[in-house]
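Each chain, letter by letter, is given below.
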Amino acid sequence: MSSNLYLVIMLGVIFLITAFSVPSLFRKKCPNCGSKNWIEAKVCKKCGVPFQE
Ligand SMILES: [Zn+2]
């Protein structure tokens, strides 16, 4: 029981470290203005340029 909780916490920590150290996995950089957008974004939130797939 306590080992399961430990595993869940460790997976959460690993996920957070990955998310912070490899932001390009989760973010898209706008080719026009360079601002970071979420990976699901279809257009840049800052300048409105559409992203190519
Ligand atoms: Zn932009």
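Residues numbered from 1 in each chain as written. Predicted model: local features only at pLDDT ≥ 70, side-chain atom pairs only at ≥ 80, totals over all residues. Heavy atoms only, no water.

### Comments concerning the coordination of the zinc ion
- C30 (SG), C33 (SG), C44 (SG) and C47 (SG) make up the full set of protein donors to the zinc ion, lying at 2.3 Å.
- In this structure, the zinc ion is coordinated by four donor atoms arranged in tetrahedral fashion, with angles at the metal of 107 to 115°.
- We note that the donor set of the zinc ion lies within a single chain, spaced as C-x2-C-x10-C-x2-C.
- The class of C30 is buried, set by a relative accessible area of 3%. (Donors = N, O, S within 2.8 Å, 3.2 Å for Na, K, Ca; no water. Tetrahedral: all angles 85-135°; square planar, octahedral: opposite > 155°, others 65-115°. Buried < 20%, exposed > 50% of the residue type's maximum accessible area, 1.4 Å probe, protein only.)

### Thoughts on the confidence of the model for the chain
- With 92% of its residues at a pLDDT of 70 or more, the chain has an overall mean of 88.
- When pLDDT is averaged over each helix and strand of the chain, the minimum, 87, is found for strand β1 (residues 27-29) and the maximum, 91, for helix α1 (residues 2-21). (pLDDT = per-residue confidence, 0-100. Helix = DSSP H or I, 4+ residues; strand = E, 2+ residues; numbered from the N terminus.)

### Quick notes on the environment of P50
- Locating P50 in the fold gives a position in the segment after β2 (36-38).
- Along the backbone, P50 and I9 are 41 residues apart, and their C-alpha atoms lie at a distance of 38 Å.

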